[in-house]
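# Close look at the chain arrangement
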Amino acid sequence: MYEDEVKVEETETEAAPVEFQDETLVCVECGNEFVFTAGEQAFYAEKGYTNKPKRCKACRDAKKNANKPPRQTYVAVCSECGGEAILPFEPSKDKPVYCSACFEKRRNAR
Ligand SMILES: [Zn+2]
Ligand SMILES: [Zn+2]
């Protein structure tokens, strides 16, 4: 006696994953063509974004950087040559400050 073979039915009721294909779009900013990759499309779909990107990566990056505030710099007088010293930090009154040229010179002199 042997059992009836159990038939395993292969059901395909589950939704098949959407196939994404690279798509070439035109940037509204610079007019260059750029690729909206399958990976990016999957990412967009996952996030629920329905809009396609309007700009190429370069323009998006440029926009991102444009929104960043410029780095704060301070202008001081170089203690060495009396020239203009641009500093990325606020100069303290009791410490000498140097312009980049003098700073380099001093560092190399060591
Ligand atoms: Zn562009
Ligand atoms: Zn100097």
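As the structure is a computational prediction, the values presented were derived from the model and not from experiment.

### Structural notes on the overall build of the chain
- Scanning the chain from N- to C-terminus turns up 3 helices and 4 strands.
- Scanning the chain from its N terminus toward the C terminus, one meets helices and strands in the order β-β-α-α-β-β-α.
- Looking at the chain as a whole, 4% of its 110 residues are labelled buried.
- Within the chain, counting contacts between residues at least 6 apart in sequence, those at least 24 apart form 21% of the total.

### Notes on the pairing of strand β4 (residues 84–87)
- Where strand β3 (residues 74–77) lies against β4, 4 bridges are found, and the strand directions are antiparallel. Bridge pairing links V75 to I86 in β4.
- Here β3 hands over to β4 after 6 residues, with G82 in that stretch at a positive phi of 75 degrees.

### Remarks on helix α1 (residues 38–47)
- Counted residue by residue, α1 has 0 buried out of 10 residues, so it is predominantly exposed.
- Once α1 ends, the next one or two residues include G48, with phi positive near 85 degrees.

### Comments concerning the pairing of strand β1 (residues 23–26)
- Bridge analysis of β1 against strand β2 (residues 33–36) gives 4 bridges, and the strand direction is antiparallel. Bridge pairing in β2 links L25 to F34.
- Between β1 and β2, which pair antiparallel one after the other, the connecting turn spans 6 residues, and G31 there sits at a positive phi close to 80 degrees.

### Notes on the environment of F103
- Within the secondary structure, F103 is located in helix α3 (residues 100–109).
- Each C-alpha atom, one on F103 and one on A85, is 9.5 Å from the other, the two residues being 18 residues apart in sequence.

### Comments concerning the confidence of the model for the chain
- Overall, the prediction assigns the chain a mean pLDDT of 86, with 84% of residues at 70 or greater.
- When mean pLDDT is taken per element in the chain, β1 scores highest with 97 and helix α2 (residues 57–67) scores lowest with 88.

### Focus: the environment of C30
- Here C30 is to be found in the loop between β1 and β2.
- Taking the C-alpha atoms as reference, C30 lies 9.4 Å from A58; in sequence the two are 28 residues apart.

### Side note on the environment of Y74
- By secondary structure assignment, the location of Y74 is in strand β3.
- Taking the C-alpha atoms as reference points, Y74 and P88, 14 residues apart in sequence, are found 6.3 Å from one another.

Definitions and limits used
- One numbering rule holds for all chains: residues counted from 1, following each sequence as written.
- As they are written, the chains are lettered A onward and the ligands numbered 1 onward, keeping that order.
- Per-residue local features are limited, in this predicted model, to residues with pLDDT of at least 70; the limit for side-chain atom pairs, both in listing and counting, is 80 or more; totals at the level of whole chains, interfaces and linings are taken over all residues.
- Helix and strand assignments follow DSSP, with helices taken as H or I runs no shorter than four residues and strands as E runs no shorter than two, numbered in order from the N terminus.
- Every C-beta atom is placed from the backbone, and the number of other C-beta atoms within 10 Å of a residue's own sets its class: buried at 20 or more, exposed at 12 or fewer, partly exposed in between.
- Note on contacts: each residue gets a C-beta atom placed from the backbone, and two residues are in contact if those atoms are within 7 Å.
- Here, any two strands with at least 2 DSSP bridges between them count as paired.
- Known as pLDDT, the predictor's confidence for each residue is given on a scale from 0 to 100.

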